[in-house]
Amino acid sequence: MKKVPYRAQISTFFGIFLVVFLLTSNNILAQDQAVVPAEATEEAADATAGGDVAKGKQLFNQNCAACHALNRKMTGPALANVETRLAEDEGLDKEWLYTWIKNSAGMIASGDAYANKIYEEYNQAAMTAFPTLSNTDIDDILAYTAAPPPAPVQAVATAAEPAGGAPTSGITNEVILGALVLVFGLLVMMLYLVNATLRRIAEANGVVVEKAKAEKRMPIWKAFAKNQFLVLVSVIFLLLASAYYAYGWMMQIGIDQGYQPIQPIHYSHKIHAGDNKIECKYCHSSARVSKHSGIPSLNVCMNCHKSIYEYKGNPEGPTQEDLANGYTNEFYTAEIKKLYKAVGWNEEEQRYTGESQPVEWVRIHNLPDLAYFNHSQHVSVAGIECQTCHGPVEEMEIMYQYAPLTMGWCINCHRETNVNVEDNAYYEKIHKALSEKYEVENLTAAQLGGLECGKCHY
């Protein structure tokens, strides 16, 4: 019997595998596993002399933020370090601020020089009086205006964390993937060596390994072509499938479900209707009384954005999905600047310049001219929510067409939706008659004539 040198090869293989595994384990264990949070504590800021910064921030947002910002002029002056600036520039103490915040109109009427100067500088726009604020509340607000701004580490910290918010492990995905690839390679090598060793053992024992010769058979396509029944069935199947897919393709002509164009000014329904809970009909007010929902005027936008000149985002910062799509605070702030340019708004002087530019919005929902649809009939009379046809707009970053808006889709809705006749004298008589006719308690829109051609095609 011939000597087969397989034991030495296997021993060498396992020795190499053990050394590589130990080296890989050392590299993995050498990763830094301690994750130190980089969150800055607010205790030092809250301990600002003269007030509580955290409470002051809350009071500022509730009472002052509509007209004032810390570092820029708005409807009123910037308030960063206002107490120090007034003391150094005007010689006014905190008592003056107490009186001014609680009763600004009284100070103006009394002839106070600086009060009248501010009144004239800001186009005689009287400041709202806050008599309910105590001196302690005002001290807290002043402490907030004097506190240093927080370090801008929010977006970096959020980007470094996984979507679940859990701290990252020291073992990265690349290291784990590399270890798995190494183990797979070693397994393949081990199988190859085992196969080679078994072949040597077989040769040493006089066993001849022969490859099975493939039996020559008729090609499958020739066998298929000779079977006339299979050919006939296949042809019929292909014709029916082609007709089915051709019909389906033709039925999609003119249907724009999922249409999602890019608008000249990015408008996030997710932020406005979702995060800020703004009602749809605040912007699309004509949906209550008109056939069309209408495109809101830019003046509607400016009702809020005269004061909201930058996007500060959610307190927890942008999500991983937002960062991946480029939806950062800076991105949204740049879109607000586009709004200012279009409407002709001067941020520094807080006035309209008269140099406006039209915004070429791209229409998303568009019915053919042969179809009649009245928003007021559905919104005001039927009481249908906007989401029924337009989908979860409060979750849409970019608006898209949610429903197919086909005739069949509308007819199904008329067949399934019951008409609300409560407190509606118009429907009382006809509802009673039709309920007796159809022997039902509730009537659908279809039973009230919602399937008549002339209702939608006139």
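As a reminder, the structure under discussion sits directly above these lines.
Residues numbered from 1 in each chain as written. Predicted model: local features only at pLDDT ≥ 70, side-chain atom pairs only at ≥ 80, totals over all residues. Heavy atoms only, no water.

Caption draft 1: Representation of the overall build of the protein chain in the model. Within the protein chain, the secondary structure is distributed over 23 helices and 2 strands. Here the protein chain holds 458 residues, and the buried ones make up 24% of them. Element-wise, carbon and sulfur atoms account for 59% of the exposed surface of the protein chain, whose accessible area totals about 32,300 Å². (Helix = DSSP H or I, 4+ residues; strand = E, 2+ residues; numbered from the N terminus. Buried < 20%, exposed > 50% of the residue type's maximum accessible area, 1.4 Å probe, protein only. Areas by Shrake-Rupley, 256 points an atom, 1.4 Å probe, with all protein chains shown as cover.)

Caption draft 2: Fine view of the side chain of His305. Mapped onto the elements, His305 comes out in helix α15 (residues 298–305). Among all residues touching His305, those that are not within four sequence positions of it are His272, Ile336, Leu339 and Tyr340. (Contact = heavy atoms within 4.5 Å.)

Caption draft 3: Region of interest: the side chain of Thr145. Mapping Thr145 onto the fold places it in helix α8 (residues 135–146). Under the relative-accessibility criterion, Thr145 is labelled buried at 3%. Contact partners of Thr145, with chain neighbours within four places excluded, come to Phe60, Leu70, Leu79, Ala80, Asn81 and Val82.

Caption draft 4: Quick look at the pattern of salt bridges. In the structure shown here, the tally under the stated rule is 7 salt bridges. Lys94 is paired through a salt bridge with Glu83; the nearest N and O atoms lie 3.7 Å apart. Placement of the pair is Lys94 in helix α5 (residues 94–102) and Glu83 in helix α4 (residues 82–90), with a sequence separation of 11 residues. You can call Lys94 partly exposed: its relative accessible area is 24%. According to the relative accessible area criterion, Glu83 is partly exposed, its value standing at 30%. One salt bridge connects Lys281 with Glu279, and the closest N-O pair in it is separated by 3.6 Å. Looking at Lys281, the relative accessible area reads 17%, which means it is buried. (Salt bridge = Lys/Arg side-chain N within 4 Å of Asp/Glu carboxyl O.)

Caption draft 5: Region of interest: the packing of α5 against α8. One way to put it is that α5 packs onto α8 with a least axis distance of 11 Å and a crossing angle of 105 degrees. By the angle between their axes, α5 is roughly perpendicular relative to α8. Contact with α5, carried on its side by Lys94, Leu97, Tyr98, Ile101 and Lys102, involves Asn135, Ile138, Asp139 and Leu142 of α8 and no other residues of that element. When the residues that make up the contact of α5 with α8 are grouped by side-chain class, the tally is 5 nonpolar, 1 polar and 3 charged. (Axes fitted to C-alpha atoms, helices over the stretch in contact; angles between N-to-C directions. Parallel < 35°, antiparallel > 145°, perpendicular 65-115°, else oblique. Nonpolar A, V, L, I, M, F, W, Y, C, P; charged D, E, K, R; others polar.)

Caption draft 6: Representation of α5. Within α5 the residues assigned to the buried category are Trp96, Leu97, Tyr98, Trp100 and Ile101. Among the structural elements, α4, α6 (104–110), α7 (113–121) and α8 are those in contact with the buried residues of α5.

Caption draft 7: Up close: unusual backbone geometry. Although it is not a glycine, Asn81 adopts a positive phi angle of roughly 55 degrees. Within the secondary structure, Asn81 sits in the loop between α3 (53–63) and α4. Looking at Asn81, the relative accessible area reads 37%, which means it is partly exposed. Not every positive phi belongs to a glycine, and Leu405 is a case in point at roughly 60 degrees.

Caption draft 8: Highlighting the nonpolar core. By size, the foremost hydrophobic cluster in this structure holds 27 residues, and its most contacted members are Leu86, Trp96 and Trp100. Looking at this core, the elements that each hand over two or more residues are α3, α4, α5, α6, α7 and α8. Membership of the second largest hydrophobic core comes to 13 residues, among which are Met74, Tyr309, Tyr340 and Trp345. (Core = buried A, V, L, I, M, F, W, Y, C linked by side-chain atoms within 4.5 Å.)

Caption draft 9: Looking closely at the state of the cysteines. Taken as a whole and judged by the stated rule, the model has 0 disulfides. Distance from the sulfur of Cys386, which forms no disulfide, to the nearest cysteine sulfur (Cys280) is 4.2 Å. Just so you know, Cys413 is unpaired, no disulfide at all, and the nearest cysteine sulfur is the one on Cys389, 6.4 Å from it. (Disulfide = S-S within 2.5 Å.)

Caption draft 10: Looking closely at the packing of aromatic side chains. Counted according to the given criterion, the structure contains 9 aromatic pairs. Summarising the aromatic geometry, the rings of Tyr327 and Tyr332 are spaced 6.1 Å apart at their centres and angled 25 degrees between planes, so their arrangement reads as stacked. Accessibility assignment for this pair places Tyr327 and Tyr332 in one class, buried. An aromatic cluster is defined as three or more aromatic residues linked by ring pairs; in this entry it consists of Tyr311, Tyr327, Phe331 and Tyr332. (Phe/Tyr/Trp six-rings, centres within 6.5 Å; stacked < 30°, edge-to-face > 60°.)

Caption draft 11: Quick look at the layout of surface pockets. Empty space within the second largest pocket amounts to approximately 730 Å³. Around the second largest pocket, the lining comprises 34 residues; the ones closest to its centre are His68, Pro77, Leu79, Trp100 and Met127. Only α4, α5, α7 and α8 provide two or more residues apiece to the lining of the second largest pocket. By residue number, the principal contributor to the lining of the second largest pocket is α4, which donates 5 residues. Looking at the lining of the second largest pocket residue by residue, the class counts come to 25 nonpolar, 6 polar and 3 charged. (1 Å grid on protein atoms, 1.4 Å probe; cavity = no way out; pocket = protein on both sides within 12 Å on 5 of 7 lines; lining within 4 Å. Points joined across faces, edges and corners; volume = space filled by probe spheres on them.)

Note that all results are geometric; they support no functional claim without further evidence.
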